[in-house]
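Take a look at the letters that make up each chain.
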Amino acid sequence: MHSVSRRDLLASLARAGAGVVVGAGALLAPGTHAAALPDLAAVEATDLAVATRQALAMLGGMRRFVSRGATVFVKPNIGWARAPAQGANTHPAVVAAVVEACYEAGAKVVMVADHTLDDPERCYRRSGIQAAAEAAGARVEQVTAARFRRMDLEGRAIGEWEVYVDAVEADVLINVPVVKHHSLCRATVGMKNWLGLLGGRRADLHERIDEAVVDAAAFFRADLTVLDASRVMMRNGPQGGSLADAEVRNIVAASVDPVAADTFGVGLLGLAAGAVPYLRGAQDRGLGTTNLAALRVQRRRL
Amino acid sequence: MPRTNPALPRPASPRLRITITITRVRVAWQAFFLALFVFLGFVTTFSRLGGYPASILLELDPFAAAATAAATGSLYRGLLWSLLVVVATLLLGRAFCGWVCPLGTLQHLVAWAARPSATPQAVEANRYRRSQRLKYYVLIAFAAAAPTGIVQVGLLDPIALVSRSFTAAVWPAAARATDLVALKPPVVHLAWLIAAVFGLLVAIGLTRPRFFCRVLCPLGALLGVLSRFALWRIARDPARCNDCERCLRRCDAAADPHTYPRAAECHVCFNCIDDCPEEALAFRFAPTAGVQVDTPDWSRRGVLVSTFVGLVLHPAGRVAGAEGRPDAAVIRPPGSLAEADFLARCLKCAQCVRVCPTSVLQPATFEAGLEGLWTPVLAMRAGYCELNCTLCGHVCPTGAIERLTIERKLGLGRFQGQPVRLGTAFFDQGRCLPWAMDTPCVVCEEVCPTSPKAIFSKEVAVVGRRGETITLRRPQIDPVLCVGCGICEHECPVTDLAGVRVTAVGETRSRTAGLLLDRA
């Protein structure tokens with residue numbers, strides 16, 4: 001038996017005591033749980049459903065946004081008659097995962113729709129979103145003229161305009177955009193995705209596109225943005241076409257700050273927020289922040 | 001004691017009994033083929049087409065097959081099915097008219113509904129008239145024209161006519177009435193004209209039963225000529241006949257069953273056999289000569305005149321310009337043959353118009369010359385050619401539009417760098433917003449579907465009216481990449497006369513309409 005010297009005993013006790021103090025402090029610190037939630041969560045995984053669920057979990061779970069019996073409108077990008085591998089639309093696996101999470105959180109009905117640019121039936125079909133969302137239990141419908149109502153967006157470029165009624169009347173609005181290059185806007189991510197809920201002569205909006213995008217984002221305040229960066233269209237957007245245009249990144253990000261989400265998205269395109277005029281405009285109008293360094297950003301790779 | 005005495009006849013069953021007569025079988029066949037026609041028309045859209053043989057009824061048409069074969073020296077794919085009808089006619093006479101033809105059935109329905117109840121009037125309406133010769137002259141004119149390359153059979157061929165009429169008028173009306181289409185119901189250019197012709201034919205049928213079939217139908221005429229060799233005919237037994245003329249009451253073919261039945265007119269509907277109280281009429285195998293008329297009632301002069309008319313159609317029609325310089329407005333569907341070959345095949349059946357998902361295909365009026373009436377052209381104001389779509393060639397029964405693979409249409413794989421071009425887009429810098437009015441736009445670049453895009457833009461800084469600096473992007477066309485799909489023209493916000501417009505020059509189907517030297 002070796003004897004423990006008095007000095008050794010004091011050192012052990014000191015270490016143990018420090019451990020108790022630190023542990024107690026950690027347990028007793030106020031508001032630990034809520035303050036630990038990130039502002040933007042990004043998950044990289046080849047299984048996009050898993051990546052989506054993980055990103056949502058990191059934000060606190062879908063129950064944070066969807067309460068029991070709520071009507072939810074999920075707005076993916078179904079604008080083009082392209083297949084998922086080409087990255088022109090939101091990946092169907094991401095859309096389906098969001099829909100499923102809404103139902104698990106107790107949603108009464110989840111609606112999915114988009115006012116497409118290419119032929120509507122072809123877009124819904126080729127994108128794979130109609131099939132995937134319906135399999136997850138969503139109500140997927142084509143937009144019809146009757147469901148648009150003239151509303152005042154009170155914007156700088158958009159005043160009164162035809163707006164898709166189902167999206168406005170839903171309890172919860174979730175934006176599920178895809179990240180793409182765009183010549184005029186530099187990039188199209190979440191905020192530009194709202195133009196898919198407008199009717200009328202949308203081509204005219206291109207005369208003041210940056211302001212129009214911010215107007216739309218200010219009008220449609222999303223409760224949650226789930227960003228599909230699984231196949232990022234690096235050039236020739238927003239239509240794309242060649243598989244060489246779409247870089248496989250397998251990232252799904254989620255955020256409550258739409259400007260932060262878009263900033264993260266354009267970063268994947270190699271652009272700084274300052275180089276994207278509509279992002280600057282959105283920050284100026286107080287819709288969010290482009291300064292990701294000041295936010296709690298959590299990334300995970302599975 | 002036994003419950004029933006087997007020596008006594010069994011009492012009639014209380015169930016309803018339907019006697020199976022040949023006329024009822026015929027009605028069932030007519031109903032089936034009319035329903036088939038309607039069904040196939042209904043599914044001839046992008047979302048419902050699947051593997052259905054959408055153009056089978058056109059492929060069964062021997063008149064279309066014969067005309068296109070004479071004009072091109074080849075028989076396209078499914079038109080081989082028409083041999084079935086030829087064989088059936090050689091066996092049974094014009095059974096196609098009475099049992100299969102959807103336009104015939106529609107005419108028959110009208111005749112049945114409008115038939116006078118008093119027998120003498122019904123009989124008078126069904127007497128043979130000399131005007132029934134006209135269809136043979138129509139047939140001869142078309143037949144004479146076909147070897148010269150002029151195929152206009154689609155104007156009067158019944159299957160093409162009814163197909164075109166439904167595409168232009170019936171399906172769009174049904175889509176609007178039932179809201180089965182989302183934001184954009186199909187619109188067919190000048191549909192009213194096509195509908196008016198169809199309506200007129202139906203309306204005449206109210207007073208002259210099966211007028212079209214008797215007087216105008218070139219397919220019926222062709223089958224009538226072939227009926228000369230038919231093995232089975234309707235023949236009258238003069239010994240039994242008492243000349244009551246009741247057989248005429250329902251003879252919508254006006255085939256003279258009461259005297260010498262005309263094999264070339266008879267639709268083999270069996271109404272006369274049903275109606276004859278003396279059983280003097282029967283469907284007989286190779287009846288002896290002399291009991292009926294088996295050749296069409298044409299005159300030599302009539303034959304000569306109609307042949308002449310058919311032959312002069314070539315020089316007369318071509319004067320109206322289908323060869324030589326391409327017409328800027330005539331942009332043909334992807335996969336179309338060169339213009340002369342195209343016109344030698346197009347039946348004007350409008351199947352391509354029906355299936356087109358964006359409704360960009362429209363029946364022309366006279367942009368492509370007299371010959372081009374109701375042939376398909378692209379109208380970018382109505383739609384655009386979806387890059388990844390080849391449906392039009394898929395449903396074309398005669399190969400005027402070839403079947404393309406996506407690989408070939410887009411110029412991928414072994415067709416690398418050689419896509420199918422419909423034409424080329426040109427900017428009208430006097431109307432394009434960034435060029436003409438210093439106003440930002442470039443929707444065209446956004447929607448251009450090729451990768452890399454055929455529309456690119458350059459950023460310029462211009463000085464505005466009040467001395468302010470305006471930065472905007474001005475778009476340009478890369479002619480090497482442009483395939484002429486027209487989505488730029490379609491989406492251009494200058495909607496009346498777009499700031500960028502597609503014309504046919506540069507189309508790959510024509511050797512004479514090229515644009516640049518170094519393009520393949």
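Everything numeric here is computed off the predicted structure, so don't read it as measured data. (Residues numbered from 1 in each chain as written. Chains lettered and ligands numbered in written order. Predicted model: local features only at pLDDT ≥ 70, side-chain atom pairs only at ≥ 80, totals over all residues.)

What chain A contains, in helices and strands, is 11 helices and 12 strands. For chain A, the C-alpha atoms occupy an extent of roughly 90 × 40 × 40 Å along the three principal directions. Across the 302 residues of chain A, 52% fall into the buried class. Long-range contacts, defined here as pairs at least 24 residues apart, represent 75% of the contacts in chain A between residues at least 6 apart. (Helix = DSSP H or I, 4+ residues; strand = E, 2+ residues; numbered from the N terminus. Buried ≥ 20, exposed ≤ 12 C-beta atoms within 10 Å, placed from the backbone. Contact = placed C-beta atoms within 7 Å.)

Within chain B one finds 21 helices and 8 strands. Taken along the three principal axes of its C-alpha coordinates, chain B extends 110 × 70 × 45 Å. Burial statistics for chain B: of 520 residues in total, 50% are counted as buried. Residue pairs in contact within chain B that sit at least 24 positions apart in sequence constitute 74% of those at least 6 positions apart.

Membership of the largest hydrophobic core comes to 237 residues, with the highest contact counts inside it found for A55, V74, V95, V98, V99, V252 and A253 of chain A. Broken down by element, this core gets its largest block of residues, 10 residues, from helix α8 (residues 134-145) of chain B. With sequence-adjacent residues up to four places away left out, V99 of chain A is seen in contact with V74, V110, V112, A133, A136, G137 and A138 of chain A. (Core = buried A, V, L, I, M, F, W, Y, C linked by C-beta atoms within 7 Å.)

Attention now moves to the interface of chain B and chain A. The interface of chain B with chain A comprises 28 residues on the first partner and 27 residues on the second. The leading source of residues in the side of chain B that touches chain A is helix α20 (residues 443-447) of chain B, at 4 residues. A breakdown of the residues in the side of chain B that touches chain A according to their chemical character gives 15 nonpolar, 7 polar and 6 charged. (Nonpolar A, V, L, I, M, F, W, Y, C, P; charged D, E, K, R; others polar.)

When cut into domains, chain B gives domain 1 (22-153 + 200-285), domain 2 (322-419) and domain 3 (424-503). The C-alpha-based centres of domain 1 of chain B and domain 3 of chain B are spaced at 55 Å. (Domains from an automatic or database assignment.)

Of note, the bond from G237 of chain A into P238 of chain A is cis; its omega dihedral lies within 30 degrees of zero at -5°. Structurally, the position occupied by P238 of chain A is in the loop between β10 (224-233) and β11 (246-255). That bond from S451 of chain B to P452 of chain B is cis: its omega, 0°, falls within 30 degrees of zero. Among the secondary structure elements, P452 of chain B is positioned in the loop between α20 and β6 (455-463). Phi at E154 of chain A is positive, roughly 50°, even though this residue is not glycine. Within the secondary structure layout, E154 of chain A lies in the loop between β5 (148-152) and β6 (160-164). Residue class for E154 of chain A comes out exposed when judged on the 11 C-beta atoms lying within 10 Å of it. Notably, A254 of chain B is not glycine yet its phi reads approximately 55°, a positive angle. Tracing the backbone shows A254 of chain B in the loop between β1 (232-236) and α13 (271-275). Take A254 of chain B: there are 24 C-beta atoms within 10 Å of it, and that puts it in the buried class.

Moving on, we come to the domain arrangement of chain A. Segmentation of chain A into domains returns domain 1 (1-36) and domain 2 (38-301). Computed over C-alpha atoms, the centres of domain 1 of chain A and domain 2 of chain A are 48 Å apart.

What follows is about the environment of F42 of chain B. All names here are of chain B. Mapped onto the secondary structure, F42 falls in helix α1 (residues 22-43). Given 16 C-beta atoms within 10 Å, F42 falls into the partly exposed group. Spatially, the C-alpha atom of F42 lies 22 Å from that of V110, the residues being 68 residues apart in sequence.

Residue and element names in this part refer to chain B. In this fold, L103 is placed in helix α6 (residues 102-114). C-beta crowding within 10 Å serves as the criterion here: with 27 such atoms nearby, L103 is assigned to the buried category. Each C-alpha atom, one on L103 and one on V202, is 9.5 Å from the other, the two residues being 99 residues apart in sequence. Setting aside chain neighbours within four positions, we find L103 in contact with P158, L161, V162 and F212.

It is worth spelling out the packing of α1 of chain B against α6 of chain B at this point. Residue and element names in this part refer to chain B. It is at 9 Å that the axes of α1 and α6 come closest, and there the two elements cross at 120°. As α1 packs across α6, the resulting crossing turns out to be left-handed. Residues Q30, F33, L34 and F37 of α1 lie in contact with α6, whose contacting residues are P102, T105 and H108. For the contact of α1 with α6, the residue count by class is 4 nonpolar, 3 polar and no charged. (Axes fitted to C-alpha atoms, helices over the stretch in contact; angles between N-to-C directions. Left-handed = near helix turned anticlockwise from the far one by under 90°.)

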